Amino acid sequence: TGTGTGTGTSIPPTSYTAPSQPSTAAAAASSTNTGVTTGVNRSISNPATLAAVAAVLKTSTVSDLPPGMSHEQIAEHLICPITQEIMVDPVVASDGHTYERKAIQEWIARGQTKSPMTGELLFNTQLTPNYSVRSMIQNLKDSEENVKASNKKRLETGVVFSVAPETEMVEAEHELQQALDMLIKGATLIKYGRMGAPKSRHVAIRFLDQDNTWIIEWYDLKRPKRKSSLPLQDVVAVAEGTGTPLLKKKAPKGREQLCFSLVTLSRSLDLEAESVMMRQSWVKALRIVIGLVQRK
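Now for a look at the structure at hand. (Residues numbered from 1 in each chain as written. Predicted model: local features only at pLDDT ≥ 70, side-chain atom pairs only at ≥ 80, totals over all residues. Heavy atoms only, no water.)

Inspection of every chain in the model, using the stated rule, returns 9 salt bridges. A salt bridge links Glu-217 to Arg-206, with the shortest nitrogen-to-oxygen separation between them at 3.0 Å. Separated by 11 residues along the polypeptide, Glu-217 in strand β6 (residues 213–219) and Arg-206 in strand β5 (residues 199–208) bring together distant segments of the chain. The buried category is assigned to Glu-217, whose relative accessible area is 5%. In this structure, Glu-272 engages Arg-255 in a salt bridge whose closest nitrogen and oxygen atoms are separated by 2.7 Å. Residue Glu-272 is found in strand β10 (residues 268–272), and its partner Arg-255 is found in the loop between α7 (245–250) and β9 (259–263); the two are separated by 17 residues along the sequence. A residue is classified by how much of its surface remains accessible, and Glu-272, at 7% relative accessible area, is buried. Under the relative-accessibility criterion, Arg-255 is labelled partly exposed at 32%. Salt bridges here are not isolated pairs; linked through shared partners, they connect Asp-89, Arg-101 and Arg-134. (Salt bridge = Lys/Arg side-chain N within 4 Å of Asp/Glu carboxyl O. Helix = DSSP H or I, 4+ residues; strand = E, 2+ residues; numbered from the N terminus. Buried < 20%, exposed > 50% of the residue type's maximum accessible area, 1.4 Å probe, protein only.)

This is the structure we're talking about:
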């Protein structure tokens with residue numbers, strides 16, 4: 001299904017400020033309305049899973065979604081922070097957070113005495129079913145099954161359509177995970193600048209939790225603390241070749257097939273790859289990730 005359980009390179013969990021410890025009863029009571037808490041960092045480290053669940057939410061017919069929250073924010077609360085997968089049997093632990101029952105039980109059984117989310121002491125092992133989140137997940141699955149049934153009927157009646165939505169979603173999730181894995185790892189590229197000769201720089205993307213945004217950054221591996229960056233949300237195009245003013249002026253002849261640029265309204269980040277294949281991979285991956293970032 002489109003809910004996916006990507007297992008690629010994970011983005012490191014983001015920081016979390018622990019709230020005051022609620023009682024289990026209070027935690028359960030707080031879940032009887034929407035089942036989720038706004039403003040809580042769920043530390044979902046697999047962006048492909050999060051994007052897939054959010055995509056299902058956007059196309060679903062579920063009507064009981066919490067108001068005032070984005071699909072990505074809602075999706076975070078349907079994914080277990082431990083397994084990084086959509087939950088089946090969500091329960092509230094004594095830290096006030098919701099987990100997959102089996103996952104938190106195994107966490108406790110291994111002798112873990114601290115919350116997976118806050119790092120604070122779990123003052124009891126009582127688990128309370130989160131019926132609101134469970135209902136939301138079930139409604140989401142029912143909605144997805146309705147889409148499947150509709151697609152099957154269209155196929156049986158001879159209605160022509162390209163690819164079933166769930167197939168498209170699995171393929172899109174796989175492509176997104178591959179793109180993120182490659183761009184987060186980064187690579188050494190040639191960077192062109194207004195001053196001086198082109199320089200070798202390590203280039204990679206990174207998520208800034210405090211700003212809730214993705215950036216592309218570049219730096220000299222000998223001086224890793226001196227970094228420059230560009231927000232991906234500012235990029236209006238990923239251009240191939242030497243079409244920007246800087247590359248037209250500075251790129252040597254014969255390098256057109258190796259060069260590409262991230263273009264904003266006010267500047268461009270002009271780069272050169274080691275090979276045509278490498279450039280093609282970077283351009284494709286950047287377009288996938290930037291497209292997702294700008295749709296949020």
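From this point on, the discussion continues.
Looking now at the nonpolar core. In terms of nonpolar packing, the biggest core is built from 29 residues, with Ile-216, Phe-260, Leu-262, Trp-282, Leu-286 and Val-289 touching the most fellow members. Breaking this core down by element, the ones donating at least two residues are α6 (165–185), β4 (187–192), β5, β6, β9, β10 and α8 (276–295). (Core = buried A, V, L, I, M, F, W, Y, C linked by side-chain atoms within 4.5 Å.)

What follows concerns the sheet that holds β4. If you walk across this open sheet you meet the 7 strands as β7-β6-β5-β4-β10-β9-β8, and the pairing is antiparallel. The sheet is open, and its two borders are formed by β7 (227–231) and β8 (237–240), each paired with just one other strand. Going across the sheet, the axis of each strand differs from the next one's by a mean of 35 degrees, ignoring polarity. Direction of pairing for β9 relative to β10: antiparallel, over a ladder of 5 bridges. Considered in β10, the bridge of Ser-261 is made with Asp-270. (Pairing = 2+ DSSP bridges. Axes fitted to C-alpha atoms, helices over the stretch in contact; angles between N-to-C directions.)

As a further point, take unusual backbone geometry. Even without being a glycine, Gln-84 presents a positive backbone phi close to 65 degrees. Mapped onto the fold, Gln-84 is located in the loop between α3 (71–76) and β1 (90–92). Accessibility expressed as a relative area gives 11% for Gln-84, which makes it buried. The phi dihedral of Asn-212 falls on the positive side, at around 55 degrees, and the residue is not glycine.

A few words on the environment of Val-91. One can find Val-91 in strand β1. Overall, the relative accessible area of 0% leaves Val-91 in the buried class. Distance from Val-91 to Asn-130, taken between C-alpha atoms, is 4.9 Å for residues 39 residues apart in sequence. Sequence-distant contacts of Val-91, that is, excluding residues within four places in its chain, are made with His-97, Thr-98, Tyr-99, Arg-101, Ile-104, Leu-127, Thr-128, Pro-129 and Asn-130. (Contact = heavy atoms within 4.5 Å.)

Within β6, 7 of the 7 residues are buried, which leaves it mostly tucked inside the rest of the structure. Residue alternation in β6 divides its side chains into two sets, Thr-213, Ile-215, Glu-217 and Tyr-219 and Trp-214, Ile-216 and Trp-218, and both sets are buried. Where β5 meets β6, 7 bridges bridge the pair, whose relative direction is antiparallel. From the neighbouring strand, His-202 faces β6, where its bridge partner is Tyr-219.

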